[in-house]
Amino acid sequence: MRFIAGRTFVKPFRFLSIGGKPNLEFWFTQTVILLSTMLGVYLASFAGFEIAVNFDRYQRLSDARNLEISLRAEVSDNISMVEEWASSYSDGPMLWHDSRFAPRESYKLDDVIWLTMRNSSTTFELNPETLTDIRRFYSVVEQSKTVLIQQSQPNGLAQNSIKRMALAAKKARTDILVKMDADIERLDAELKEVLD
């Protein structure tokens, strides 16, 4: 019975031996391989996660920078256009007041980027103060244009409206464009930081 009991004791651990002899080298090697595989998978997944996070950050910053550069070009063009309208009003006010010249179509701001931004999640990556200032600039210009076009001749309302437009353009040039340049520089620095 003792012999049988001893044999039954050895049988459960038979898988540890090869050919009936214990082989500790084999099991040590298998354990090292298993642990190094687990460590390698952990380190690779951590590195992959870090790369994915950095890529996502780079993509967001790059999209925001490109949007800001496009918007800045559009706003700069619109400021120049409004300044030109304001300076040319005294030479030919009836261009605004005579309906034959179709002023609503002739005096239109270029707002493709501004309107397209409504459908982009990248819009909210931009500085909210800058977006508010741009919205206010466009609003003042549109309101002033409406008053100008409704007048049939160059009167006090028309003069005040053209002055408001000129003042809005001057403020936009000194405030909005400066803020946008600073935002673009900040985005450039953040992009460089992500790449380094």
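Residues numbered from 1 in each chain as written. Predicted model: local features only at pLDDT ≥ 70, side-chain atom pairs only at ≥ 80, totals over all residues. Heavy atoms only, no water.

**Thoughts on the overall build of the chain**
Point 1. The helix and strand inventory of the chain stands at seven helices and two strands.
Point 2. What you see in the chain, going N to C, is helices and strands ordered as α-β-β-α-α-α-α-α-α.
Point 3. The contacts of the chain with a sequence gap of at least 6 include a subset with a gap of at least 24, amounting to 78%.
Point 4. Carbon and sulfur atoms provide 61% of the accessible area of the chain, an area that totals close to 13500 Å². (Helix = DSSP H or I, 4+ residues; strand = E, 2+ residues; numbered from the N terminus. Contact = heavy atoms within 4.5 Å. Areas by Shrake-Rupley, 256 points an atom, 1.4 Å probe, with all protein chains shown as cover.)

**Things to note about the packing of helix H2 (residues 24–88) against helix H6 (residues 128–150)**
Point 1. Across the interface, H2 lies against H6 with an axial gap of 12 Å and an inter-helix angle of 30 degrees. Accordingly, the angle class assigned to the pair H2 and H6 is roughly parallel. Read as a crossing pair, H2 and H6 show a hand that is left-handed. In contact with Glu-68, Leu-71, Glu-74, Val-75, Asn-78, Ile-79, Val-82 and Trp-85 of H2, H6 contributes Thr-130, Leu-131, Ile-134, Phe-137, Tyr-138, Val-141 and Lys-145.
Point 2. Split by residue class, the contact of H2 with H6 holds 10 nonpolar, two polar and three charged. (Axes fitted to C-alpha atoms, helices over the stretch in contact; angles between N-to-C directions. Parallel < 35°, antiparallel > 145°, perpendicular 65-115°, else oblique. Left-handed = near helix turned anticlockwise from the far one by under 90°. Nonpolar A, V, L, I, M, F, W, Y, C, P; charged D, E, K, R; others polar.)

**Details of the packing of H6 against helix H7 (residues 156–195)**
The packing of two helices is summarised by the inter-axis angle and the distance between the axes.
Point 1. Look at H6 against H7: their axes get within 9 Å of each other, and the N-to-C directions meet at 160 degrees. By the angle between their directions, the pair H6 and H7 is classed as roughly antiparallel. Crossing geometry of H6 relative to H7 is assigned as left-handed.
Point 2. A breakdown of the residues in the contact of H6 with H7 according to their chemical character gives 15 nonpolar, four polar and six charged.

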